[in-house]
Amino acid sequence: MPSITTINLFGPLVLIGLALIWGFGRILYLRHTAGVSVLAVLGRKRNPVEAGAGVVALVLNLYMIARPFWPSLDDRLMVQPFAYAHWGVLLMAIGILIAMISQMDMGRSWRIGLPEELEEDQPLITGGLYQFSRNPIYVGIMLFLLGSVVVAPGPVTIASLVLSWIFISLIIRAEEDFLAREFGEAFDAYKARVRRWL
């Protein structure tokens, strides 16, 4: 059985690896089976909020991946040891699972980034986890980030959590403006029925 230290160091690495493999697999699957280009963000210039969120995600993931291989990194980054850090790995796993299920709930409608306009036959998604939260993917991301703070409480993880909350809140507002414009009353009714987060 792996030690708690091994779980704390390698758990996030394994989870990030699995999430990347699943995400790229899902992108290829949708492209191959449905002809869908998931990467809407590549078709246009990214705004500063999306770019900032991308940088934060990249820095956090690189840090989490480097930790097992660079033992002094946590000390250099002033990470405070936490006796229950292994519970953070569980939170990270739950966050990734929620994000994956939410992406599957979106089916062919899943996009990374906000498209310029609604594509043909792209419905408003209100089922699955979307009946409990208008943004379950972001709920999953925030749980992952909270888990990273529990695993390695320090400036990098705390800053990632705070900055991601700010960036994601701004991204959600832009997405909701897009959905209100494209779906009108149907989105207004959904918005009145289901909360933004939980």
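Residues numbered from 1 in each chain as written. Predicted model: local features only at pLDDT ≥ 70, side-chain atom pairs only at ≥ 80, totals over all residues. Heavy atoms only, no water.

Engineer: What should I look at first to understand the overall build of the protein chain in this one?
Structural biologist: Looking only at helices and strands, the protein chain has 7 helices and 0 strands in total. Element order for the protein chain, N to C, with α for helix and β for strand: α-α-α-α-α-α-α. Taken over the C-alpha trace, the protein chain has a radius of gyration of 18 Å; the compact-globule value for 198 residues is 16 Å, and the two agree within 12%. Projected onto its principal axes, the C-alpha coordinates of the protein chain cover approximately 50 × 35 × 35 Å. Burial status across the protein chain gives 40% buried among its 198 residues. Sequence separation of 24 or more characterises 81% of the internal contacts of the protein chain that already satisfy a separation of 6 or more. Only carbon and sulfur atoms are counted for the fraction: they give 68% of the accessible area of the protein chain, which is about 11,300 Å². Side chains of the protein chain give 16 positive and 15 negative charges; the mean places of these two sets differ by 5 Å. (Helix = DSSP H or I, 4+ residues; strand = E, 2+ residues; numbered from the N terminus. Rg over C-alpha atoms; globule rule 2.2 N^0.38 Å. Buried < 20%, exposed > 50% of the residue type's maximum accessible area, 1.4 Å probe, protein only. Contact = heavy atoms within 4.5 Å. Areas by Shrake-Rupley, 256 points an atom, 1.4 Å probe, with all protein chains shown as cover. Lys, Arg positive; Asp, Glu negative; His and termini not counted. Charge placed at Lys NZ, Arg CZ, Asp CG, Glu CD.)

Engineer: So what exactly am I meant to see when it comes to unusual backbone geometry here?
Structural biologist: With phi around 55 degrees, methionine 78 is a residue other than glycine that occupies positive phi space. With respect to the helices and strands, methionine 78 occurs in the loop between helix 3 (73–76) and helix 4 (85–106). Note on methionine 78: relative accessible area 55%, which makes it exposed.

Engineer: Sorry if this is basic, but what is going on with the layout of surface pockets here?
Structural biologist: Take a probe with the size of a water molecule and roll it over the atoms, and the empty space left behind shows itself. The space that makes up the second largest pocket amounts to roughly 270 Å³. Lining the second largest pocket are 17 residues, with Leu9, Arg67, Asp74, Val79 and Pro81 sitting closest to its centre. Sorting the residues of the lining of the second largest pocket by element identifies helix 1 (4–34) and helix 3 as the ones contributing at least two each. (1 Å grid on protein atoms, 1.4 Å probe; cavity = no way out; pocket = protein on both sides within 12 Å on 5 of 7 lines; lining within 4 Å. Points joined across faces, edges and corners; volume = space filled by probe spheres on them.)

Engineer: Would you take a moment to explain the environment of serine 102 for this structure?
Structural biologist: As for its placement among the helices and strands, serine 102 is situated in helix 4. On the accessibility criterion, serine 102 (0% relative accessible area) is buried. When residues no more than four places from it in sequence are discounted, the contact partners of serine 102 are Leu129, Tyr130, Pro136 and Ile137.

Engineer: Mind showing me how you'd approach the packing of aromatic side chains here?
Structural biologist: Two aromatic rings, taken as a pair, are described by how far apart their centres are and by the angle between their planes. Tallied over the entire structure, the rule returns 4 aromatic pairs. Note on phenylalanine 10 and phenylalanine 69: the rings are 6.1 Å apart at their centroids and 90 degrees apart in plane angle, and the pair reads as edge-to-face. Of this pair, phenylalanine 10 sits in helix 1 while phenylalanine 69 sits in the loop between helix 2 (48–66) and helix 3, and the two are 59 residues apart along the sequence. (Phe/Tyr/Trp six-rings, centres within 6.5 Å; stacked < 30°, edge-to-face > 60°.)

Engineer: Any chance you could explain the side chain of serine 164 here in plain terms?
Structural biologist: Relative to the helices and strands, serine 164 is located in helix 6 (residues 155–183). With a relative accessible area of 9%, serine 164 lands in the buried category. Polar side-chain contacts of serine 164 include one of 2.7 Å to the backbone oxygen of serine 160. Apart from the residues lying within four places of it in its own chain, the contact partners of serine 164 are Val56, Met142, Leu145, Ala159 and Ser169. (Polar contact = N/O pair within 3.5 Å; in protein donor to acceptor, adjacent residues only side chain to side chain.)

Engineer: Got a minute to help me understand the pattern of salt bridges in this structure?
Structural biologist: Pairing of side chains with opposite charge becomes possible as their charged atoms draw close. Evaluation of the coordinates by the stated rule reveals 4 salt bridges. In this structure, arginine 134 engages glutamate 176 in a salt bridge whose closest nitrogen and oxygen atoms are separated by 2.7 Å. Residue arginine 134 is located in the loop between helix 4 and helix 5 (136–151), and its partner glutamate 176 is located in helix 6; the two are separated by 42 residues in the primary sequence. Residue class for arginine 134 comes out buried when judged on its relative accessible area of 11%. Accessibility expressed as a relative area gives 6% for glutamate 176, which makes it buried. When salt bridges that share partners are traced, they join Arg134, Glu176 and Arg196 into one network. (Salt bridge = Lys/Arg side-chain N within 4 Å of Asp/Glu carboxyl O.)

Engineer: What is the right way to look at the packing of helix 6 against helix 7 (residues 185–193) in this model?
Structural biologist: Between two packed helices, the angle of one axis relative to the other and the distance separating the axes together describe the packing. Closest axis-to-axis distance for the helix 6/helix 7 pair is 6 Å, and the angle between their directions is 130 degrees. On the basis of the axis angle, helix 6 is oblique to helix 7. Together, Glu176, Leu179, Ala180 and Phe183 of helix 6 and Glu185, Ala186, Phe187 and Lys191 of helix 7 make up the contact between the two elements. Split by residue class, the contact of helix 6 with helix 7 holds 5 nonpolar, no polar and 3 charged. (Axes fitted to C-alpha atoms, helices over the stretch in contact; angles between N-to-C directions. Parallel < 35°, antiparallel > 145°, perpendicular 65-115°, else oblique. Nonpolar A, V, L, I, M, F, W, Y, C, P; charged D, E, K, R; others polar.)

By themselves, these figures tell us nothing about what the structure is for.
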